[in-house]
Amino acid sequence: MKRLLTAFWAVLISLSIFSGCEKAPSERFQTSYTDVFDTVCTFTAYCDSEEEFESVSDSLHEELLRLHRLFDIYEGPQGGGLLALNRDGYLENPDKDITDLLELGKEYYEISGGKLNIAMGSVLSLWHDARENGALPDKDKLTQASMHMDISKLIIGDDKITLSDSDMRIDVGAIAKGYAAQKAAELIRNLGIKNFALDLGGNIKTSGSKPDGDWNIGVRDPDGGILTGIKAKDLSIVTSGDYERFFELDGVRYSHIINPETLYPADIYRSVTVVCENSADGDALSTSLFCMDFESGKELCEKLEIKAIWVLPDGSTQTVGDIEL
Amino acid sequence: MRSNKRISKPLADCVLIAALVALALIAYLILNAGKSEGKTVIIRENGEVFGEYPISEDMEIEVDKLLTVVIEGGGVYVKNAVCPDKLCERRGSISRSGEAIVCLPGGVSVEISGEDYDFVL
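Q: Whenever I open this one, the overall build of chain B confuses me. Can you help?
A: The number of helices and strands found in chain B is three helices and eight strands. When the elements of chain B are put in sequence order from the N terminus, they spell out α-α-β-β-β-β-β-α-β-β-β. Split into buried and exposed, the 121 residues of chain B put 31% on the buried side. When contacts within chain B are restricted to residue pairs at least 6 apart in sequence, long-range pairs at least 24 apart make up 29% of them.

Q: What am I meant to see in the sheet that holds strand β3 (residues 59-63) of chain B here?
A: Consider a sheet: its strands pair through backbone hydrogen bonds, and that pairing is either parallel or antiparallel. Residues and elements named next belong to chain B. The strand order across the open sheet formed by three strands is β3-β4-β5, and the pairing between neighbours is antiparallel. The sheet is open, and its two edges are formed by β3 and β5 (75-79), each paired on a single side. Within this sheet the neighbouring strands show an average axis-to-axis angle of 20°, counted without direction. By the bridge criterion, five bridges tie strand β4 (residues 67-72) to β5 in an arrangement that is antiparallel. Across the sheet, residue Glu-72 finds its bridge partner in β5, namely Gly-75.

Q: Help me out: how do you make sense of the sheet that holds strand β7 (residues 203-207) of chain A in this one?
A: All names here are of chain A. Read across the sheet, eight strands follow the order β1-β2-β6-β7-β10-β13-β14-β15 without closing on themselves; strand pairing throughout is antiparallel. A strand with exactly one partner marks an edge of an open sheet, and here the two such strands are β1 (27-36) and β15 (317-320). Neighbour to neighbour, the strand axes of the sheet diverge by 10° on average, direction disregarded. Pairing analysis gives five bridges linking strand β6 (residues 196-200) to β7, with the strands arranged antiparallel. Opposite Leu-200, over in β7, you have Asn-203 as the bridge partner. Sheet strands in contact with helix α9 (residues 294-304) are β14 (307-311) and β15, and its direction is about 165° off that of β14.

Q: Which parts of the structure should I look at to understand a negative patch on the surface?
A: All names here are of chain A. Residues Glu-27, Glu-50, Glu-51, Glu-54, Asp-58 and Glu-62 make up a contiguous surface patch of negative charge. Structurally, the position occupied by Glu-51 is in helix α2 (residues 50-71). Residue classification places Glu-51 among the exposed positions, given a relative accessible area of 59%.

Q: What is the right way to read the packing of aromatic side chains from this model?
A: All names here are of chain A. One pass over the structure, following the stated rule, counts eight aromatic pairs over all chains. Their ring planes at 50° and their centres at 5.9 Å tell us that Tyr-46 and Trp-215 sit as a pair that is tilted. One end of the pair, Tyr-46, is in strand β2 (residues 39-47); the other, Trp-215, is in strand β8 (residues 215-220), with 169 residues separating them in the sequence. Looking at Tyr-46, the relative accessible area reads 11%, which means it is buried.

Q: Sorry if this is basic, but what is going on with the pairing of β14(A) here?
A: Two faces, one strand: in a regular strand the side chains alternate between the faces of the sheet. Residues and elements named next belong to chain A. Among the five residues of β14, four are classified as buried, and the element is accordingly described as predominantly covered. The pairing of strand β13 (residues 271-276) with β14 spans five bridges and is antiparallel. The residue bridging Thr-273 from the neighbouring strand is Ile-309, located in β14. Two elements, β14 and β15, share four bridges in a ladder whose sense is antiparallel. From the neighbouring strand, Ile-309 faces β15, where its bridge partner is Thr-319. Between the antiparallel neighbours β14 and β15 lie five residues, among them Gly-315 with a positive phi of about 90°.

Q: Just checking my understanding: could you explain the pattern of salt bridges for this structure?
A: When the charged atoms of two side chains with opposite charge come close together, those side chains can pair. Residues and elements named next belong to chain A. The full count for this structure, using the stated rule, is eleven salt bridges over all chains. Linking Glu-63 and Arg-66 is a salt bridge whose minimum nitrogen-to-oxygen distance equals 3.1 Å. Placement of both Glu-63 and Arg-66 in helix α2 is noted, with a separation of three residues, approximately one turn of the helix. On the basis of relative accessible area, Glu-63 is assigned to the buried category, the value being 13%. Residue classification places Arg-66 among the partly exposed positions, given a relative accessible area of 27%.

Q: Would you mind showing me how to read the layout of surface pockets here?
A: One way to see where empty space is left: roll a probe the size of a water molecule over the atoms. Estimated volume of the largest pocket: approximately 1200 Å³. In this structure, the largest pocket is lined by 49 residues; those nearest its centre are A:Gly173, A:Ala174, A:Lys177, A:Arg245 and A:His256.

Q: What is the right way to look at the side chain of A:Lys177 in this model?
A: All names here are of chain A. In this structure, Lys-177 sits in helix α7 (residues 176-190). Among buried Asp, Glu, Lys and Arg side chains, Lys-177 stands out as unpaired, with Asp-283 the closest opposite charge at 5.8 Å. Aside from chain neighbours lying at most four places away, what touches Lys-177 is Phe-37, Thr-39, Leu-200, Gly-201, Asn-203, Arg-245 and Asp-283.

Q: Looking at this model, I keep getting lost on unusual backbone geometry. Mind explaining?
A: Peptide bonds are trans in most cases, and residues, glycine excluded, mostly fall at negative phi. Its identity as a non-glycine residue notwithstanding, A:Asp38 has a phi of 50°, on the positive side. Tracing the backbone shows A:Asp38 in the loop between β1 and β2.

Q: How should the packing of helix α4 (residues 96-111) of chain A against α7(A) be read in this particular structure?
A: Helix-helix packing is described using two parameters, namely the angle between the two axes and the distance between the axes. Residue and element names in this part refer to chain A. One can describe the packing of α4 onto α7 by two numbers: an axis separation of 11 Å at closest approach and a directional angle of 130°. As judged from the angle between their axes, α4 and α7 are oblique. In the packing of α4 onto α7, the handedness of the crossing is right-handed. Two secondary-structure elements touch here, α4 through Asp-97, Asp-100, Leu-101 and Leu-104 and α7 through Ala-176, Tyr-179 and Lys-183. Grouping the amino acids of the contact of α4 with α7 by side-chain chemistry returns four nonpolar, no polar and three charged.

Q: Before we go on, may I ask you to explain the pairing of β1(A) in this structure?
A: Residue and element names in this part refer to chain A. Across eight bridges, β1 lies against β2 in antiparallel orientation. Considered in β2, the bridge of Glu-27 is made with Cys-47. In this antiparallel pair of consecutive strands, β1 and β2, the connection spans two residues, and Phe-37 shows a positive phi of 55°.

Each value, and the rule that gives it
Residues numbered from 1 in each chain as written. Chains lettered and ligands numbered in written order. Predicted model: local features only at pLDDT ≥ 70, side-chain atom pairs only at ≥ 80, totals over all residues. Heavy atoms only, no water. Helix = DSSP H or I, 4+ residues; strand = E, 2+ residues; numbered from the N terminus. Buried < 20%, exposed > 50% of the residue type's maximum accessible area, 1.4 Å probe, protein only. Contact = heavy atoms within 4.5 Å. Pairing = 2+ DSSP bridges. Axes fitted to C-alpha atoms, helices over the stretch in contact; angles between N-to-C directions. Patch = residues over 30% accessible without salt bridge, like charges linked within 9 Å, V, L, I, M, F, W, Y side chains within 5 Å. Areas by Shrake-Rupley, 256 points an atom, 1.4 Å probe, with all protein chains shown as cover. Salt bridge = Lys/Arg side-chain N within 4 Å of Asp/Glu carboxyl O. Lys, Arg positive; Asp, Glu negative; His and termini not counted. Charge placed at Lys NZ, Arg CZ, Asp CG, Glu CD. Phe/Tyr/Trp six-rings, centres within 6.5 Å; stacked < 30°, edge-to-face > 60°. 1 Å grid on protein atoms, 1.4 Å probe; cavity = no way out; pocket = protein on both sides within 12 Å on 5 of 7 lines; lining within 4 Å. Points joined across faces, edges and corners; volume = space filled by probe spheres on them. Parallel < 35°, antiparallel > 145°, perpendicular 65-115°, else oblique. Left-handed = near helix turned anticlockwise from the far one by under 90°. Nonpolar A, V, L, I, M, F, W, Y, C, P; charged D, E, K, R; others polar.

This is the structure in structure tokens:
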């Protein structure tokens with residue numbers, strides 16, 4: 001009898017060792033929004049209940065809509081955002097997120113050696129019209145517009161932002177999504193969710209892990225298939241490429257990223273992917289690298305200790321940092 | 001003393017406990033086997049992706065009158081190849097991720113990808 005009892009306990013103990021001890025894993029939930037930053041935003045998270053996920057994703061959606069309204073320069077409603085700054089040439093008592101984003105833009109102008117310039121809105125709007133109208137912008141108009149992209153004329157004061165060149169326009173398209181993804185991720189974490197991934201149109205921000213391991217992010221091969229999978233834990237992965245946002249004219253494919261030096265779409269690479277901690281940095285860097293020759297880009301990545309993958313027009317690849325293709 | 005009695009047949013006890021632990025481990029592994037990620041069959045023609053299919057669904061895919069890819073019972077094989085050497089047919093069935101069947105004359109490759117991506121960018 002005693003032996004039977006011992007056996008019984010042995011079964012119970014070993015069963016609990018192999019299966020029952022840990023807390024029941026939380027469930028995976030996912031939702032998407034299409035009304036923010038002119039792209040698709042997908043949010044995946046592990047939560048204890050559907051109610052918890054819905055409450056967090058509602059807050060996330062609100063925050064993204066708020067940031068979208070602040071940063072939008074084309075159709076935003078009247079308000080204190082960048083649309084007003086471009087229209088009036090100044091903005092009083094700006095929201096902290098506007099100040100922070102513009103400061104980030106200035107910082108990356110320096111870091112990228114001018115390859116990323118948020119003050120080139122006048123040039124970008126000509127390309128914006130070109131995409132809408134299906135005709136390349138006039139070369140003289142581009143040169144004319146390029147006289148008004150001196151970022152030192154964007155003056156950020158404590159309670160007022162001023163454009164001291166009245167023809168200058170701000171366009172934060174190259175950094176806004178990354179900044180928003182980073183801010184949104186911080187909000188989600190503050191709401192108590194530790195394990196999630198947020199994809200804001202090519203800006204992926206991951207936090208924590210899944211019950212069965214790290215997040216697995218596939219980097220697309222522009223010619224089809226997957227180039228590599230990146231195991232991401234608390235990382236940002238951002239891709240700038242010519243295969244998602246582009247337009248075609250007379251059979252030529254133009255990227256949506258305009259090189260501030262040539263004033264024409266950058267065409268050195270098919271795509272550049274950056275792996276780093278902060279999504280705002282990732283977005284700014286991937287755009288910068290997309291307009292930069294490989295040697296300079298490599299040097300910059302090594303200096304900042306970030307990883308990157310370049311895909312060249314002939315399909316060949318280059319990497320910096322510990323990445324296996 | 002109580003414990004002296006139990007030590008009288010220590011070997012038998014150990015064997016019993018070990019057997020039960022092993023049984024529990026096997027049960028655990030079987031229960032978890034169903035959680036393994038889904039594999040994908042990727043067919044490429046001249047390097048371009050022709051199509052991606054879950055390996056779990058039985059189906060036949062004809063690739064541009066060059067050959068037919070059969071997904072059956074978790075394995076993948078090629079039939080009706082028009083190439084003269086029919087090496088791809090003779091390759092037989094593949095089922096593990098990373099394995100591939102290549103038809104060089106037709107420029108077609110069939111590959112099993114075991115990766116399960118949360119996001120692709």
